[in-house]
Amino acid sequence: MSNPLYVFDMDDTLIDGDCAMIWNAFLVEKGIATQPDFLSEDRRLMALYAAGEMDMEDYLQFSMAPLADIPTEQVHELADECVVRDILPRLYPQATQLIEQLAHDGCDMLVISASVTFLVEAVVKRIGIPHALGIDLFQNNGCYSSDILGVPSYREGKVTRLEAWRLAQQQRFSPIHFYSDSINDLPLCQYADFTYLVNPCPRLREHANQPNWQILKWER
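Fair warning: this is a prediction, and the values are worked out from it, not measured in the lab.

A.B. asks: I tried to follow the packing of aromatic side chains on my own but got confused; where do I start?
C.D. replies: Two aromatic rings, taken as a pair, are described by how far apart their centres are and by the angle between their planes. Taken as a whole and judged by the stated rule, the model has eleven aromatic pairs. On the numbers, 6.3 Å between centres and 55° between planes, the contact of Tyr 59 with Phe 62 is tilted. In this pair, Tyr 59 and Phe 62 both sit in helix H3 (residues 56-63), three residues apart, roughly one turn of the helix. Side by side, Tyr 59 and Phe 62 carry an identical accessibility label, which is buried. Judged by centre distance (6.1 Å) and plane angle (65°), the ring pair of Tyr 92 and Trp 218 falls under edge-to-face. With Tyr 92 in the loop between helix H4 (72-87) and helix H5 (93-104) and Trp 218 in the segment after strand S8 (213-216), the pair connects residues that are 126 residues apart, well separated along the chain. In this structure Trp 218 comes out as buried when scored by relative accessible area, which is 9%. Taken together, the ring pairs connect Phe 8, Tyr 92, Tyr 179, Tyr 196 and Trp 218 into an aromatic cluster.

A.B. asks: Help me understand the environment of Asn 24, please; the structure alone is not making it clear to me.
C.D. replies: The residue Asn 24 is located in helix H1 (residues 19-29) in this model. Overall, the relative accessible area of 1% leaves Asn 24 in the buried class. Each residue touching Asn 24, except ones within four places of it in the same chain, is listed here: Phe 38, Leu 39, Asp 42, Tyr 59 and Ser 63. Here Tyr 59 takes part through its side chain, which lies 3.4 Å from a polar atom of the side chain of Asn 24.

The rules behind these values
All chains use their own residue numbering, which begins from 1 and follows the written sequence. Confidence filtering applies because this is a predicted model: local features only for residues at pLDDT of at least 70, side-chain atom pairs given and counted only at 80 or more, and all residues used for totals across whole chains, interfaces and linings. Just so you know, side-chain values use all the structure's heavy atoms and leave hydrogens and water out. Note on ring pairs: Phe, Tyr and Trp rings are taken, using the six-membered ring of Trp, and paired if centres are within 6.5 Å. Classes follow the plane angle, with under 30 degrees stacked, over 60 edge-to-face and the rest tilted. Labels follow the DSSP assignment, with helices taken as runs of H or I lasting at least four residues and strands as runs of E lasting at least two, numbered in each case from the N terminus. Partly exposed residues are those whose accessible area sits between 20% and 50% of the maximum for their type, while under 20% is buried and over 50% is exposed, using a 1.4 Å probe and protein chains only. Residues count as neighbours in contact if any of their non-hydrogen atoms are within 4.5 Å of one another. In protein, a polar contact means a hydrogen-donor-capable atom and an acceptor-capable atom, both N or O and within 3.5 Å, with residues adjacent in sequence counting only if both atoms are side-chain atoms; elsewhere, any N or O pair within 3.5 Å suffices.

Such coordinate-based values are descriptive only and should not be taken to indicate function.
What follows is the structure, encoded as structure tokens:
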């Protein structure tokens, strides 16, 4: 019996933009990230991400530094504010329609993202998807550190995390449908039974001529 699972990347797939970059701009606006070149360094690192060349540990050391002394509860409050004000308005209408249809049909849905978990969860809880996986971080004295807890949901790590999640569920899922825009998600695109490339980057588009792959153009 078919029991499909719909898996979504978040940044530039469900959202027209990168949530981590939106979050970092929010931290600058709030006076939390005060390094003079913070946003230019963010753009440099995210350009490496787009090219499939970013070192996630380096990125987290940079991006989590402004939060080192902020209690996790306050971080969550800030993340909620950022999501409501700056991220949700960027949700693709096509994503909203698809999520609503899948929920109506009783299909299971999961977001798996290379953004940090607290930000992924802040988005997902407001868009109607019940499950989320992001990069988990160790905590020091009630504050988030930049140290990764477990396997990061990045590149091949997304496949590892999804397989672990599936094994932890009481039910078995098949087929797997996956939506993404990024070359970093090629391993999960190849793992899924059906793959949908949402406004794919040029490098991912090069792989699109495969069975059960489709290119989707979503617009706001």
